[in-house]
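Summary of structural features
Listed here are the chains, written in short residue letters.
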Protein chains: 2
Amino acid sequence: MKYDDTPTVDLDEEPLYGSILVKTLALSIDPYMRIQMRDSNIKTYVPPFIVGEPMAGHGIGVVVRSEHPDFAAGDRVTSGLFPHQEYFVDDLKREYFPTKKVPSDSAIAPSLYLGILGITGATAYTSWKEYARPRKGQTAFVTSAAGGVGSVIVQLAKMDGMKVIASSGSDEKAEFVKELGADISFNYRTTSTEEILQREGPIDLYYDNVGEETLDLALKYASTHANFIMSGMISSYNKPDKSYAFKARTIANMFEIIAKEIRLQGFLFTSLIGRWEMQFFEEIPALIKHGKLKTLEDRSYGLQNIGDALLAVNMGENFGKKVVIVTEE
Amino acid sequence: MKYDDTPTVDLDEEPLYGSILVKTLALSIDPYMRIQMRDSNIKTYVPPFIVGEPMAGHGIGVVVRSEHPDFAAGDRVTSGLFPHQEYFVDDLKREYFPTKKVPSDSAIAPSLYLGILGITGATAYTSWKEYARPRKGQTAFVTSAAGGVGSVIVQLAKMDGMKVIASSGSDEKAEFVKELGADISFNYRTTSTEEILQREGPIDLYYDNVGEETLDLALKYASTHANFIMSGMISSYNKPDKSYAFKARTIANMFEIIAKEIRLQGFLFTSLIGRWEMQFFEEIPALIKHGKLKTLEDRSYGLQNIGDALLAVNMGENFGKKVVIVTEE
């Protein structure tokens, strides 16, 4: 099919019916979008994309025209349903991840609101504030430490004076995590996690993004009264046999929960954000501006490159949060 | 060998060197004593019994004579090292479960200090106070509900207004637990735990004494923000193949910890008793006296029956806390 760039939105005359006209600045590219490209008869937790209509996802943009009292031209807005277009009319009726204004600050790239200032960063920040109880000099172990959540956790743990052991999946990632401040940063594909924990543990705080064998080792090398924050179990998500997903994990060290009086706390971002949102938006942008909190973006440019960007994310080829910059402001 | 009942302690003249002479009232019979009957060259967490010397364990007695300022004749005393004798000199030098006085109250049988007023009851009480956060109308699931810990938890949960689902290992036990107030009491050997939880759940609080398959089901039928108190995993303790013990548990529903934001809290009695001991001894004896807290003892009588009592405990034939009454006071 030929790429059709006929304008679909008339910037000056498009009727708004009390809503806003938005110019897209950046779009978030996430693995789950693949699941939206399916036979629309199959029901799951995300709706299917519709053939002939634009894809959609998390995005950030700027208001071009507004008929709504809460929004004015020039406001930056973000939501969970940005159609993959240069301009669109947002009817402001979305309930889940609704459209909201974010500060326009020339020192903060808009795309950061799709990562460290979005759900990813907020997942890390809110869970850390709610559950970490960090103590100076104690040891934290962080998995997926180069990922969006893990990379923030590593830095928060260092700010709170902890020794940080961090695992990630390549030498390049381990190097990046080292630059974030991790005391011990290793590539779990080439270095034994058990040897690292045996030498550098016991661990007082475990921030889990992976589950399974690594969780098992964390139980084995935990200290008394260790604190486990259960954020993700990515090892379980992409088993080739889907019937096996979330099933039959062998955990050898379950009894350590009792013997070491360990606390495991599962959480979802949605339960915590209400309590921490204000503090999050006060604290994190300031840390970014002052260079005290680093993040990594993997940028593509232009709507025409979204297909390749989505493929890269699904192949695990991105290094940092994948975003497509649609236009500079 | 002929039973030798020659007195070994002279009640009037035995020198005390600043310690106390104790008359044994009751002895606790526990499974771990079997482990003390072994080749003394094998090291483990309890010392071996010595051939030719009396066995020893938790007991309660009354002071006959005292040369120590903290103790007087008539005081009731308990410790973790009562030799299996009718009388003995306690040098008061024990560090682990040391000798301590307990109130002499004619309404409280001394043997209760070996069970509901001892470690068993305190394990239940302290963990409930520290971690249960019970809410009226919420649902608790208690395993080993006829056991020393479980039977107290069932009653504390009912006092706090919860709906209680309770599992135990025989019809007779299930009947006893029903009498303790459990709303749903079932024999897990003949009734499907999964069917019960599916019908009566979801569960807001899980008090785990067994682990493994039952823990897995509890994860599956937990409610959002469920609270799991991890007290024991008896399923793991007596595997025929010892190399397998504490190893390779298959837990299918680990991801529910995150999806349902579950908290699992392991604990050991020794970490909690300091904070709760005073309140425990104020509250629990009063509840027993007023008939509001029930407990079950399986009594044998006389030192000569200790062998049979220990065999019964190791065969799982006792129903309630096994004690040997050495003499009525």
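Quick caveat: nothing in here was measured; it's all calculated off a predicted structure.

Per the secondary structure count, chain A includes eight helices and 14 strands. Taken over C-alpha atoms, the radius of gyration comes to 21 Å for chain A, in line with the 20 Å a tight globule of 329 residues would show. For chain A, the spread of C-alpha atoms along the principal axes amounts to about 70 × 45 × 35 Å. Once local pairs closer than 6 in sequence are excluded, the contacts in chain A between residues at least 24 apart make up 66%. Carbon and sulfur atoms make up 52% of the accessible area of chain A, which totals about 16,000 Å². Averaging the positions of the 35 positive and the 44 negative side-chain charges in chain A gives two centres separated by 6 Å.

Next up on the list: helix 2 (residues 119-131) of chain B. Three or four residues apart is the spacing at which side chains of an α-helix point the same way, because the helix has 3.6 residues per turn. If you check helix 2 of chain B, its first and last C-alpha atoms are 18 Å apart, about what 13 residues at 1.5 Å a residue would give, namely 18 Å. Residues of helix 2 of chain B that are buried: B:Gly121, B:Ala122, B:Thr123, B:Ala124, B:Tyr125, B:Thr126, B:Ser127, B:Trp128 and B:Tyr131. Summarising the contacts, the buried residues of helix 2 of chain B are in contact with strand 12 (263-266) of chain A together with helix 3 (148-159), strand 9 (203-208), strand 10 (222-230), strand 12 (263-266) and helix 8 (269-289) of chain B. A positive backbone phi angle near 40 degrees is found at B:Arg133, which sits one or two residues after helix 2 of chain B.

Turning next to the interface of chain A and chain B. Contacts between the two partners involve 30 residues from chain A and, on the opposite side, 30 residues from chain B. In total, chain A and chain B occlude about 2,700 Å² of area from one another, counting both sides; carbon and sulfur atoms represent 62% of this. Taken together, chain A and chain B are joined by zero salt bridges. In this structure, the connection of chain A to chain B is made through nine residue pairs in polar contact (both at pLDDT 80 or more). Going through the elements one at a time, strand 10 (222-230), strand 11 (249-251), helix 6 (256-259) and strand 12 of chain A are the ones with two or more residues in the side of chain A that touches chain B. Counting residues per element, the side of chain A that touches chain B draws most heavily on strand 12 of chain A, which supplies four residues. Alignment of strand 12 of chain A against strand 12 of chain B, held across three bridges, turns out to be antiparallel.

What follows is about the pattern of salt bridges. Residues and elements named next belong to chain A. The full count for this structure, using the stated rule, is 26 salt bridges over all chains. The shortest N-O distance in the salt bridge between Lys 101 and Asp 75 comes to 3.7 Å. Taken together, the positions of Lys 101 in strand 5 (residues 100-102) and Asp 75 in the loop between strand 2 (56-66) and strand 3 (76-83) put the pair 26 residues apart, joining distant regions of the chain. The partner of Arg 275 in a salt bridge is Glu 130, and the shortest N-O contact between them spans 2.7 Å. Of this pair, Arg 275 sits in helix 7 (residues 269-289) while Glu 130 sits in helix 1 (residues 119-131); the two residues are 145 residues apart in sequence, bridging distant segments of the chain. Relative accessible area serves as the criterion here: at 54%, Arg 275 is assigned to the exposed category. Linked by salt bridges that have partners in common, Lys 163, Arg 199 and Glu 200 make up one network.

A few words now on the environment of A:Val102. All names here are of chain A. If you trace the backbone, Val 102 turns up in strand 5. Looking at Val 102, the relative accessible area reads 8%, which means it is buried. For Val 102, the residues in contact, after removing those within four places along its chain, are Ile 60, Arg 76, Thr 78 and Tyr 113.

On to the sheet that holds strand 6 (residues 139-142) of chain A. With respect to topology, 12 strands assemble into an open sheet ordered 8(A)-7(A)-6(A)-9(A)-10(A)-12(A)-12(B)-10(B)-9(B)-6(B)-7(B)-8(B), the strand pairing being mixed. Unpaired on one side and paired on the other, strand 8 (184-187) of chain A together with strand 8 (184-187) of chain B mark the two borders of the sheet. When strand polarity is set aside, the average angle formed by the axes of neighbouring strands in this sheet is 15 degrees. Where strand 9 (residues 203-208) of chain A meets strand 10 of chain A, five bridges bridge the pair, whose relative direction is parallel. Paired with A:Tyr207 across the two strands is A:Ile229, which belongs to strand 10 of chain A. Against the sheet, helix 1 of chain A contacts strand 9, strand 10 and strand 12 of chain A together with strand 12 of chain B, and its axis sits at roughly 145 degrees relative to strand 9 of chain A. Packed on one face of the sheet, helix 2 (residues 148-159) of chain A meets strand 6, strand 7 (163-168) and strand 9 of chain A and runs near 165 degrees to strand 7 of chain A.

Our next topic: the domain arrangement of chain A. Residue and element names in this part refer to chain A. Assigned domains of chain A: these are domain 1 (20-115 + 296-325) and domain 2 (119-270). Regarding the contact of domain 1 and domain 2, the summed buried area is about 630 Å², with carbon and sulfur atoms giving 70% of it. Contact with domain 2 buries surface across domain 1, with Phe 97, Gly 115 and Phe 319 losing the most and accounting together for 63% of the total. Put simply, domain 1 and domain 2 have zero salt bridges between them. Its residues assigned to classes, the side of domain 1 that touches domain 2 comprises four nonpolar, two polar and no charged.

Below, the discussion takes up the confidence of the model for chain A. In this model, chain A carries an average pLDDT of 89, and 93% of its residues clear a pLDDT of 70 or more. Of the regions scoring below 50 in pLDDT, residues 240-248 of chain A engages in 13 contacts with residues more than four places distant in sequence or in other chains.

Moving on, we come to unusual backbone geometry. Residue A:Pro202 is reached from A:Gly201 by a cis peptide bond, and omega for that bond is 0 degrees. Here A:Pro202 shows up in the loop between helix 4 (193-200) and strand 9. Of note in the backbone geometry, A:His225 takes a positive phi value of approximately 65 degrees without being a glycine. With respect to the helices, strands and loops of the structure, A:His225 is situated in strand 10. Judged by relative accessible area, A:His225 falls into the partly exposed class, the value being 44%. Unlike most non-glycine residues, B:Glu212 shows phi in positive territory, near 50 degrees. By the secondary structure assignment, B:Glu212 is in helix 6 (residues 212-220).

The next thing to look at is the pairing of strand 13 (residues 297-301) of chain B. All names here are of chain B. Burial along strand 13 is one-sided: the residues Asp 298 and Ser 300 are buried and none of Glu 297, Arg 299 and Tyr 301 is. Of the pairings in the sheet, the one linking strand 13 to strand 14 (residues 321-325) comprises five bridges and is parallel in character. The residue bridging Ser 300 from the neighbouring strand is Val 324, located in strand 14. Between strand 13 and its parallel partner strand 14, the chain crosses via helix 9 (residues 306-314), and the hand of that crossover is right-handed.

Considering soluble globular proteins, one finds that nonpolar side chains tend to be buried as a cluster. The biggest cluster of nonpolar side chains holds 52 residues, and the ones touching the most others in it are A:Phe228 and B:Phe228. Ignoring anything within four residues of it in the chain, the contact list for B:Phe228 reads B:Tyr206, B:Leu215, B:Ala218, B:Leu219, B:Ala222, B:Ile262, B:Arg263, B:Leu264 and B:Gln265.

Looking now at the relation of the copies chain A and chain B. Taken as rigid bodies, chain A and chain B are interconverted by a rotation of 180 degrees and an axial shift of 0.1 Å, the fit giving an RMSD of 0.1 Å. The operation mapping one copy onto its partner corresponds to a two-fold rotation axis. A high fraction, 100%, of the interface residues of chain A reappear at the interface in chain B, so the copies pair face to face through one surface.

Residue and element names in this part refer to chain B. The interhelical angle for the contact between helix 2 and helix 3, taken along N-to-C directions, is 40 degrees, at an axis separation of 8 Å. Compared by their axis directions, helix 2 and helix 3 come out oblique. Between helix 2 and helix 3 lies a crossing of right-handed hand. Of the residues in helix 3, those touching helix 2 at Thr 120, Thr 123, Ala 124, Tyr 125, Ser 127 and Trp 128 are Gly 148, Val 149, Val 152, Ile 153, Leu 156 and Ala 157. By residue class, the composition of the contact of helix 2 with helix 3 is eight nonpolar, four polar and no charged.

What counts, and at which threshold
Residues numbered from 1 in each chain as written. Chains lettered and ligands numbered in written order. Predicted model: local features only at pLDDT ≥ 70, side-chain atom pairs only at ≥ 80, totals over all residues. Heavy atoms only, no water. Helix = DSSP H or I, 4+ residues; strand = E, 2+ residues; numbered from the N terminus. Rg over C-alpha atoms; globule rule 2.2 N^0.38 Å. Contact = heavy atoms within 4.5 Å. Areas by Shrake-Rupley, 256 points an atom, 1.4 Å probe, with all protein chains shown as cover. Lys, Arg positive; Asp, Glu negative; His and termini not counted. Charge placed at Lys NZ, Arg CZ, Asp CG, Glu CD. Expected span 1.5 Å × (residues − 1). Buried < 20%, exposed > 50% of the residue type's maximum accessible area, 1.4 Å probe, protein only. Buried area = accessible area lost by both parts, 1.4 Å probe. Salt bridge = Lys/Arg side-chain N within 4 Å of Asp/Glu carboxyl O. Polar contact = N/O pair within 3.5 Å; in protein donor to acceptor, adjacent residues only side chain to side chain. Pairing = 2+ DSSP bridges. Axes fitted to C-alpha atoms, helices over the stretch in contact; angles between N-to-C directions. Domains from an automatic or database assignment. Nonpolar A, V, L, I, M, F, W, Y, C, P; charged D, E, K, R; others polar. pLDDT = per-residue confidence, 0-100. Right-handed = clockwise from strand over helix to strand, strands pointing away. Core = buried A, V, L, I, M, F, W, Y, C linked by side-chain atoms within 4.5 Å. Least-squares fit on C-alpha atoms with pLDDT ≥ 70 in both. Parallel < 35°, antiparallel > 145°, perpendicular 65-115°, else oblique. Left-handed = near helix turned anticlockwise from the far one by under 90°.

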